[in-house]
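# Report on the structure
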Amino acid sequence: MLSTEKIAKAFAAIVEEASLAQNPDLPEAVQNHLKTIVSIAKHQSDIRFPVKDGCCGKHTQNCQ
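Residues numbered from 1 in each chain as written. Predicted model: local features only at pLDDT ≥ 70, side-chain atom pairs only at ≥ 80, totals over all residues. Heavy atoms only, no water.

### Side note on the overall build of the chain
Across its full length, the chain carries 2 helices and 0 strands. Every one of the 64 residues in the chain was classed for burial, and the buried ones make up 11%. A total of about 5,200 Å² of accessible surface is found on the chain, and carbon and sulfur atoms cover 55% of it. (Helix = DSSP H or I, 4+ residues; strand = E, 2+ residues; numbered from the N terminus. Buried < 20%, exposed > 50% of the residue type's maximum accessible area, 1.4 Å probe, protein only. Areas by Shrake-Rupley, 256 points an atom, 1.4 Å probe, with all protein chains shown as cover.)

### A look at helix H1 (residues 4–21)
A rise of 1.5 Å per residue sets the reference length of H1, with its 18 residues, at 26 Å; its end C-alpha atoms lie 26 Å apart and thus fit the reference within 8%. Restricting attention to buried positions, one finds in H1 the residues Ala8, Phe11, Val15 and Ala18. What you see down the axis of H1 is that its buried residues fit within an arc of 90 degrees, all on one side. Exposed and oriented more than 90 degrees from the buried face of H1 are Lys6, Lys9, Glu17 and Leu20. (Expected span 1.5 Å × (residues − 1). Arc of directions from axis to C-beta.)

### A word on the pattern of salt bridges
As a working rule, side chains carrying opposite charge can pair if their charged atoms are close by. Taken as a whole and judged by the stated rule, the model has 1 salt bridge. A salt bridge links Lys9 to Glu5; the nearest nitrogen and oxygen atoms lie 3.5 Å apart. Highlighted residues: Lys9 and Glu5, both in helix H1, separated by 4 residues, approximately one helical turn. (Salt bridge = Lys/Arg side-chain N within 4 Å of Asp/Glu carboxyl O.)

### A look at the nonpolar core
In terms of nonpolar packing, the biggest core is built from 6 residues, these being Phe11, Val15, Ala18, Leu34, Val38 and Ala41. Of all the secondary structure elements, the ones that give two or more residues to this core are H1 and helix H2 (28–48). Ignoring any residue separated from it by four or fewer positions in sequence, one finds Val38 in contact with Val15, Ala18, Ser19 and Gln22. (Core = buried A, V, L, I, M, F, W, Y, C linked by side-chain atoms within 4.5 Å. Contact = heavy atoms within 4.5 Å.)

### Some remarks on the environment of Ser19
By the element assignment, Ser19 lies in helix H1. As for Ser19 and Val38, which are separated by 19 residues in sequence, their C-alpha atoms are 7.0 Å apart. At 2.7 Å, the side chain of Ser19 and the backbone oxygen of Val15 are in polar contact. (Polar contact = N/O pair within 3.5 Å; in protein donor to acceptor, adjacent residues only side chain to side chain.)

What follows is the structure in structure tokens.
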């Protein structure tokens, strides 16, 4: 099984590649699909690494 960090890096790569593929010359349907891919991948990254205020500065569930 992949670690959370590796999965997050994979989603970051998906965001990067889909962003690079976006082009105003593409059909609108393709542009919308790429935007959806970016949105989903960013959402997954946000879930995996939530920002905690007043925390130890690390992305962990149990800050001490």
